[in-house]
Amino acid sequence: MPLEMNREVFITCAVTGSGSTQDRSPHVPRSPKQIADSAIDAAKAGAAVVHCHVRDPETGVPSRDLALYREVTERIRDAEVDVVLNLTAGMGGDIVFGGTEAPLPTVEGTDMVGATERVAHVAACLPEICTLDCGTMNFAEADYVMTNTPGMLVAMGQMMTDLGVKPEIEAFDTGHLWYAKQLVKDGVLDSPALVQLCMGVPWGAPDDLNTFMAMVNNVPDDWTFSAFGLGRSQMPYVAASVLAGGNVRVGLEDNLMLDRGVLTTNAQLVERAVGIVENLGAKVIGPEQVRAKLGLTKRAPVAA
């Protein structure tokens, strides 16, 4: 297996996510202004792509509110710094079962909606990229399942393709890559595709290097991939992904610490990733180069 290092690397910053991190660090942005400002700072630090969720401004809990997405994207687009917009489309597929003896009815935290509603903010905001979680999996908590059926993925993937928004396939395990290739084969997604390898998310692919390379080796040669690890694995995966031929993702969605016990910002995480990439002898590329590489089109959003 030859070393095929990526010499031109783009960095994605996952700005806030939808996990329960809002009370664990004062740097996790909540309001649209905070999210946009953090994304802009990450772009200034070297991120070519910003991956955005939105949260309730008061509580910090995850939200699918279209008005919040519009405000975040408008603030980022109005900034003096250019960056590729990547919006999540992972919300709306959450099932929390009632427990082992009475799983139904589902309980608080369940958020299941149809394909059109899951993609509504993408259709309104028209980012260059949006995510497509390419499978169902047990996700950390005892009774929570992240749900993405084949039928739902076909429907959502086709909507994204029709909108001209490039899906970033989120692969949490090898089977997710298998199905992503089927979506391309069936003409639902265009080729070459873009994929994010999500390592160490319980209970998907563990973050050991053998599993990582199994994931990498299942990505078609003409696709573009990026990868990330959680927590203290975040920076090691910056190096691992570049050495394996990929791009990198960092950010507060996946990790709150710069060093042990030291809470960090998105910009600081990006700065450290830039240093790792450049010290490996690679070049960090910007948003225009990413658009050219991935065939992206920067467009104005649909009028409200």
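In what follows, the structure referred to is the one given above.
**Q** Teacher, can you tell me more about the overall build of the protein chain here?
**A** Within the protein chain one finds 10 helices and 18 strands. Against the compact-globule benchmark of 19 Å for 304 residues, the protein chain has a radius of gyration of 18 Å, which places it among compact chains. Viewed in the frame of its principal axes, the protein chain has a C-alpha envelope of about 55 × 45 × 40 Å. The buried share of the protein chain, reckoned over its 304 residues, is 54%.

**Q** In this structure, what is going on with the sheet that holds strand β12 (residues 166-171)? I would like to understand it.
**A** In a beta sheet, neighbouring strands are held together by backbone hydrogen bonds and run either parallel or antiparallel to one another. Around the barrel, which closes on itself, the eight strands sit in the order β2-β3-β6-β9-β12-β13-β14-β15 with parallel pairing between neighbours. Recorded for the sheet is a direction-independent mean angle of 25° between the axes of neighbouring strands. As paired elements, strand β6 (residues 84-87) and strand β9 (residues 129-133) share two bridges and run parallel to each other. Residue pairing across strands places L87 opposite C130, the latter belonging to β9. Those strands touched by helix α5 (residues 150-163) are β9 and β12, and its axis lies near 170° from that of β9. Across the sheet, helix α6 (residues 174-185) lies against β9, β12 and β13 (194-199), angled at about 155° from β12, the strand it touches most.

**Q** What's the story with unusual backbone geometry in this structure? I'm lost.
**A** Excluding glycine, a negative phi dihedral is what most residues carry, and trans is how most peptide bonds are arranged. Residues L104 and P105 are joined by a peptide bond in cis, for which omega reads 0°. Position of P105 relative to the elements: it lies in the loop between β7 (93-96) and β8 (111-112). With an omega dihedral of 0°, the bond running from S191 to P192 counts as a cis peptide bond. Inspection of the secondary structure puts P192 in the loop between α6 and β13. Of note, the phi angle at L126 is positive, near 50°, even though the residue is not glycine. Along the chain, L126 turns up in the loop between α4 (120-125) and β9. Overall, the relative accessible area of 11% leaves L126 in the buried class.

**Q** Would you mind showing me how to read the nonpolar core here?
**A** Nonpolar side chains in soluble globular proteins generally cluster together in the buried interior. Residues I11, V50, I76, V250 and V270 are the most contacted members of the largest nonpolar core, which totals 42 residues. Those elements that provide at least two residues to this core are β2 (11-14), α1 (32-45), β3 (49-52), α2 (66-78), β6, α8 (234-243), β15 (247-250) and α9 (266-279). Among the elements that line this core, the one with the most residues is α1, at seven residues. Other than its neighbours up to four places away in sequence, V250 contacts I11, T12, C13, A14, Q234, M235, V238, L269, V270 and A273. Judged by nonpolar contacts, the second largest core, of 36 residues, contains M152, L153, F212 and A240.

**Q** Please explain the pattern of salt bridges as it appears in this structure.
**A** For the coordinates displayed, the defined rule picks out 14 salt bridges. Measuring nitrogen to oxygen at the nearest pair gives 3.0 Å for the salt bridge that ties K44 to E80. Separated by 36 residues along the polypeptide, K44 in helix α1 and E80 in the loop between α2 and β6 bring together distant segments of the chain. With relative accessibility at 64%, the residue E80 sits in the exposed group. Linking E117 and R64 is a salt bridge whose minimum nitrogen-to-oxygen distance equals 3.1 Å. Here E117 is found in helix α3 (residues 115-118), whereas its partner R64 is found in the loop between β5 (62-63) and α2, with 53 residues between them in sequence. For R64, a relative accessible area of 28% gives the class partly exposed.

**Q** How should α1 be read in this particular structure?
**A** The α-helix advances 3.6 residues per turn, and as a result positions three or four apart in sequence lie on the same side. Helix length check: α1, at 14 residues, gives a terminal C-alpha distance of 20 Å against a target of 20 Å (1.5 Å per residue), a fit within 8%. Among the residues of α1, P32, I35, A36, S38, A39, I40, A42, A43 and A45 are the ones counted as buried. Its buried side turned inward, α1 meets β2, β3, β4 (54-55), α2 and α9. At the exit of α1 stands G46, carrying a positive phi of roughly 130°.

Reading the values: the criteria
- Residues numbered from 1 in each chain as written.
- Predicted model: local features only at pLDDT ≥ 70, side-chain atom pairs only at ≥ 80, totals over all residues.
- Heavy atoms only, no water.
- Helix = DSSP H or I, 4+ residues; strand = E, 2+ residues; numbered from the N terminus.
- Rg over C-alpha atoms; globule rule 2.2 N^0.38 Å.
- Buried < 20%, exposed > 50% of the residue type's maximum accessible area, 1.4 Å probe, protein only.
- Pairing = 2+ DSSP bridges.
- Axes fitted to C-alpha atoms, helices over the stretch in contact; angles between N-to-C directions.
- Contact = heavy atoms within 4.5 Å.
- Core = buried A, V, L, I, M, F, W, Y, C linked by side-chain atoms within 4.5 Å.
- Salt bridge = Lys/Arg side-chain N within 4 Å of Asp/Glu carboxyl O.
- Expected span 1.5 Å × (residues − 1).

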